[in-house]
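# Architecture at a glance
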Amino acid sequence: MKPELPSVGRRGFLKRAAAASAAALAAPTAEAAPQPAVQRAAVPATPIMSAAAEAANPPEVEVLTADRTGSDFMVDVLKSLGFDYICANPGSSFRGIHESVINYGGNRSPELITCCHEESSVAMAHGYAKVEGRPLGVFAHGTVGLQHASMAIYNAWCDRVPVYVMLGNQLDATMRRPGAEWAHSVQDAASMVRDYSKWDDTPMSLPHFAESAVRAYKIALTPPMAPVVLVLNAELQERPLASDTKLAIPKVTVPAPPQGDSGAVAELARLLVAAEHPVIVADRFARTPAGMQRLVELAETLQASVVDQGGRMNFPSRHPLNQSQARAIADADVVLGLEMSDFWGVVNSFRDQLTRTSRPTTRPGTKFVSITTGDLYVRANYQDFQRFAEVDLAIAADAEATVPSLIEAVKRAITADRRRLFESRGAKLAEASRAALDRSRLEASYAWDATPVSTARLCAEIWGQIRNEDWALVNGTGGWARRLWNFDKPYQSIGGSGGAGVGYGAPAAVGAALAHMRHGRLSVNIQTDGDLMYAPGVLWTAAHHRIPLLSVMHNNRAYHQELMHVQKMCNRHSRGIDRGRLGSELVDPAIDFAKVAQGLGVHAEGPITDPKDLGPAIARAVAVVKRGEPALVDVVCQPR
Amino acid sequence: MRFGYSADRLHQGYGGPPKLYAKAERVALHLKVMLMAQLRLTGAIAVTILIAVTAPAVIAQTPSGQTTPAGQAAAAAPAGDAEKGKVLFVKNGCYQCHNYEGHGGAAGARLAPNPLPFRGFVNYVRSPRGDMPPYTARVMSEQDLADVHAYLRSRPRPAPVSSIPLLTR
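Residues numbered from 1 in each chain as written. Chains lettered and ligands numbered in written order. Predicted model: local features only at pLDDT ≥ 70, side-chain atom pairs only at ≥ 80, totals over all residues. Heavy atoms only, no water.

### Some thoughts on the packing of aromatic side chains
All names here are of chain A. Just so we agree on the cut-off: Pairing of aromatic side chains requires ring centres within 6.5 Å, counting the rings of Phe and Tyr and the six-membered ring of Trp. Pairs whose planes differ by under 30 degrees are stacked, by over 60 edge-to-face, and all others tilted. By the criteria applied, helices consist of DSSP H or I runs no shorter than four residues and strands consist of E runs no shorter than two, each listed in order from the N terminus.
Applying the stated rule across the entire model yields 18 aromatic pairs over all chains. When the ring of Phe 83 is compared with that of Tyr 217, the centres are 5.8 Å apart and the planes differ by 90°; the resulting orientation is edge-to-face. Highlighted residues: Phe 83 in the loop between α3 (70–80) and β1 (85–88) and Tyr 217 in helix α8 (residues 206–221), separated in sequence by 134 residues. Here the aromatic rings of Tyr 534 and Tyr 559 are separated by 6.3 Å at their centres, their planes lie at 85°, and the arrangement is edge-to-face.

### A closer look at the side chain of A:Asn233
What counts is decided by this rule: Polar contact criterion, stated in full: a pair of N or O atoms within 3.5 Å, where within protein one must be able to donate a hydrogen and the other to accept it, and residues adjacent in sequence count only if both atoms are side-chain atoms.
Relative to the elements of secondary structure, A:Asn233 occurs in strand β6 (residues 228–233). Of note is the side chain of A:Asn233, whose polar atom sits 3.2 Å from the backbone nitrogen of A:Leu171.

### Examining the interface of chain B and chain A
Condition: We call two residues in contact whenever any of their non-hydrogen atoms come within 4.5 Å of each other. Throughout, buried area stands for the accessible area (probe radius 1.4 Å) lost by two parts on being put together, summed over both. The salt bridge criterion pairs a side-chain nitrogen of Lys or Arg with a carboxyl oxygen of Asp or Glu, the two atoms within 4 Å. Polar here means any residue other than Ala, Val, Leu, Ile, Met, Phe, Trp, Tyr, Cys and Pro, which are nonpolar, and Asp, Glu, Lys and Arg, which are charged; Gly is therefore polar.
Contact residues are listed per partner, giving 48 residues for chain B and 44 residues for chain A. Of the roughly 4100 Å² buried at the junction of chain B and chain A (both faces included), carbon and sulfur atoms supply 55%. Along the contact surface separating chain B from chain A lie 1 salt bridge. Across the pair B:Arg110 and A:Glu443 runs a salt bridge whose closest N-O atoms are separated by 3.2 Å. Counting across the chain B and chain A interface gives 20 residue pairs in polar contact (both at pLDDT 80 or more). Every element with two or more residues in the side of chain B that touches chain A is listed here: α1 (10–14), α3 (41–60), α5 (82–91) and α6 (95–98) of chain B. Examining the composition of the side of chain B that touches chain A, we find that 3 residues originate from one element, α6(B), more than from any other. Along the lines of polarity and charge, the residues of the side of chain B that touches chain A split into 26 nonpolar, 13 polar and 9 charged.

### Structural notes on unusual backbone geometry
All names here are of chain A. Heads up, the condition is: Buried, partly exposed and exposed residues are distinguished by accessible area as a fraction of the type maximum, computed with a 1.4 Å probe on protein chains only: under 20%, between the cut-offs, and over 50%, respectively.
Cis geometry marks the peptide bond from Ser 109 to Pro 110, where omega comes out at 15°. Looking at the secondary structure, you find Pro 110 in the loop between α4 (95–104) and β2 (111–114). Positive phi values are uncommon outside glycine, yet Glu 339 reaches one of about 50°. Looking at the secondary structure, you find Glu 339 in the loop between β9 (334–338) and α13 (343–347). Assessed through its relative accessible area of 9%, Glu 339 is described here as buried. Phi is positive for Asp 588, close to 55°, though the residue is something other than glycine. Here Asp 588 shows up in the loop between α21 (560–572) and α22 (593–599).

### What about the sheet that holds β9(A)?
Residue and element names in this part refer to chain A. Test applied: Only when DSSP finds a minimum of two bridges between them are two strands counted as paired. An axis is simply a line fitted to the C-alpha atoms; with a helix, the fit covers only the stretch in contact. Between two such axes, the angle follows the N-to-C directions and lies from 0 to 180 degrees.
Sheet architecture is open: 5 strands sit in the order β8-β7-β9-β12-β13, paired in parallel fashion. Since the sheet does not close on itself, it has two edges, and those belong to β8 (305–308) and β13 (393–396), each with one partner. Ignoring strand direction, the axes of neighbouring strands in this sheet form an average angle of 15°. Here 4 bridges tie strand β12 (residues 367–372) to β13, and the two strands are oriented parallel to one another. By the bridge assignment, Val 369 is partnered in β13 with Leu 393.

### A word on the pattern of salt bridges
All names here are of chain A. This model, assessed by the stated rule, comprises 34 salt bridges over all chains. Between Asp 159 and Lys 130 there is a salt bridge, with the nearest N and O atoms lying 2.4 Å from each other. One end of the pair, Asp 159, is in the loop between α6 (144–158) and β4 (164–169); the other, Lys 130, is in helix α5 (residues 118–132), with 29 residues separating them in the sequence. The burial state of Asp 159 is the same as that of Lys 130; both residues are buried. When salt bridges with common partners are traced through the structure, they connect Asp 84, Glu 132, Arg 134 and Arg 518 into a single cluster.

### With respect to the sheet that holds strand β5 (residues 199–201) of chain A
Residue and element names in this part refer to chain A. Overall, parallel pairing links the 6 strands, which are arranged β2-β1-β3-β4-β6-β5 in an open sheet. Strand pairing shows two members of the sheet lacking a second neighbour, β2 and β5, which therefore form its edges. Strand-to-strand, the axes of this sheet are offset by a mean angle of 25°, without reference to chain direction. Of the strand pairs in this sheet, β5 and β6 are connected by 3 bridges, and their pairing is parallel. Following the sheet pairing, Trp 199 is matched in β6 by Val 228. In the packing of α8 onto the sheet, contacts are made with β4, β5 and β6, and the angle to β6 comes to roughly 165°.

### Considering the packing of α3(A) against α8(A)
Residue and element names in this part refer to chain A. This is how it is decided: Convention used here: angles under 35 degrees read as roughly parallel, angles over 145 as roughly antiparallel, angles from 65 to 115 as roughly perpendicular, and any remaining angle as oblique. Two helices crossing with the near one rotated counterclockwise from the far one by less than a right angle form a left-handed crossing, whereas a clockwise rotation gives a right-handed crossing.
In the contact formed by α3 and α8, the axes pass within 10 Å of each other and the chain directions differ by 20°. Considering the angle they form, α3 stands roughly parallel to α8. Helix-helix and strand crossings are classified by hand; for α3 and α8 the assignment is right-handed. The segment α3 lies against α8, with Gly 70, Phe 73, Met 74 and Val 77 engaging Leu 206, Phe 209, Ala 210 and Ala 213.

### What to know about the pairing of strand β10 (residues 348–351) of chain A
Residue and element names in this part refer to chain A. Where β10 and strand β11 (residues 357–360) come together, 4 bridges link them in antiparallel fashion. Residue pairing across strands places Ser 349 opposite Arg 359, the latter belonging to β11. The loop that links β10 with its antiparallel partner β11 comprises 5 residues.

### Side note on the packing of α5(B) against helix α8 (residues 142–154) of chain B
All names here are of chain B. Where α5 meets α8, the axes come as close as 7 Å, and the angle between the chain directions of the two elements is 100°. As summarised for this structure, α5 and α8 are arranged roughly perpendicular, according to the angle between their axes. For the pair α5 and α8, contact is made by Ala 82, Lys 84, Gly 85, Lys 86, Leu 88 and Phe 89 and by Asp 144, Asp 147, Val 148, Ala 150, Tyr 151, Leu 152 and Ser 154, respectively. Tallied by class, the residues present in the contact of α5 with α8 amount to 7 nonpolar, 2 polar and 4 charged.

### Focus on the pairing of β1(A)
Residue and element names in this part refer to chain A. As a reminder, the rule being used: The handedness of a crossover follows from its direction of travel: if, with the strands pointing away from the viewer, the path from the first strand over the helix to the second runs clockwise, the crossover is right-handed.
Burial of β1 is two-sided: the residues Tyr 85 and Cys 87 facing one way and the residues Ile 86 and Ala 88 facing the other way are all buried. For the handedness criterion, the β-α-β arrangement of β1, α4 and β2 is classed as right-handed. Of the pairings in the sheet, the one linking β1 to strand β3 (residues 137–141) comprises 3 bridges and is parallel in character. The partner of Ile 86 across the bridge, within β3, is Gly 137.

Following this line, the structure appears as structure tokens:
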């Protein structure tokens, strides 16, 4: 059924709605009284009226209530799209749909998640989507809320993650309340994030909303995935729904992702089979649980090295072909990049000295091949697309969708001779993988008992407590965890922020934990101090909504990355090398994160400085998390 | 933003016994001389850079530095004060990438307990081949570096991995 909306002005619409509402209320009454001609000014006291007369308001009396409003329909649309949660810091510009979610919608699917900052709302949605593969909704003011949210939207954009943002806004200037509502209104709300969102719209009617809401969902989930923005006009939310309004919700069909051209895939297969040292580098490759299995099959078919860049959970960390800790790229004769965020950076090194220089890290003549949806979609202004990579074969397609046909093409191209060579190569790679693990363990043993606690010891102690659980790392250092933990399930890592915007970690961890909660998984967050200080209120959100999350802090009491950058400048100018910490350290006073977390309702211990105290503290925190609550252990760590 | 220290060649250079390191340097120098005689200047410059960068990679193939006697590395060094070195290591920001114990990490190479022989150590600190910030003589004297070197050599060796249950799982 085609949606229809009567074309009426706001005033006429309200009169019709009022009359319809009154008629509806009056209809069941048998003794419908004639409409009294009431002169408001001539009625000094409340008249004695029958119940029926009270129910049948005269048309001249102002109607101040409505049974249903536009935002109720909006909730119907959100339910049809399967949203489980809406993250929001409350805001008057979306009060209509806020109320509809909690009352009309029963606060179930979607359920409102109370957030203390819009950046937290969006980053939670970011983390959630990377676990569930589909978005949750975010409500925010079109102005101040979006301004808070913008960095998190940028992170999600860079990370190619679907985030579904809905902004409240009062478009009709004559309807705005004096004061804050003017300051909170904007002509073109989405313009601020248009450079780093995939699509946006400002629907002018409910049918328009329904179509745009479904369209936005479809666009967000079509690779390359990215945030989308809908502007919810406050008038549209709060306007009563006339009884004769006919509305329909379009069907959503997410497109099958594009596969690589068959000729190009066959050429790639020939290259890979003929190569002596093929290396597969995967970054934002695995967008579904099937991704890891497909990559394992491709690598095993070829007995090829795999380097997991960690943008997604692409490859088991202890698989014999995993060469992420080895120098596989230097020996490669074919490098296949799968959904690389920075292909150039993988095959070149960059030296950040007074004169910046770079050089290739591969042998001359090495063939480079890319499969990425990045070739299908790029914007000009923000430069997250990285340096231009000179590849020999570029397949503009979704890599995960293309790998099955690549596997078949490889199998067809393999000869008996090549298979024997593959087996020999695989045995060498397995030995290299074992040696890399041994090296990692040896390196981890240095400064094992040091205070502050080494980051290797931190990760080893966490691993000791979680390895027999159904765990998932939802944020934090991929370094030592990737080297020491056994990642072998597709949900055990969600990669990083995408845009390196600090403040992502804590809220993304809570969002991911929200997604893991329904699966009964133990979510683990290795939380840095500087990141948590952006919006620590997200710990309260975790406590309030009983989101189980183990946070163990890598607290080096500094914005340490920046500290190193400033040190570099001090050294470059040979002055004040002992002052590099100014402006980047988080000391004097040292932040007591356990107390911060306790104040926000989270079980917390610390600060722990003696590594011997760490294991028992994590064990106690795990017990709390297994009861369904968040817990935090503050650990004072070595810098990196 | 990626800092890029993790791939610093310094790490590989620090691992080898002094004799092997010196041998690798000689091999690199020999190659450089031979190639410079055969190539035009521009090419030679490129090769020089290449050798400078790859020489430590040769060293990386040597056995683990764990077996290096600490005293051997110290032989060419001026007398250093480990306690002073500990203070300088923090004050001058070395800990930022190499951590307080000099054990290395995500941003910098492991230095302790077997740093490069003192002369190689000084040369690298003055003119790092990788991303490491240079420390000129204006900001760290040779005595300062000797103290730091002594501090790094004083760091304890780790217990065998096999004796740490958390590292065997």
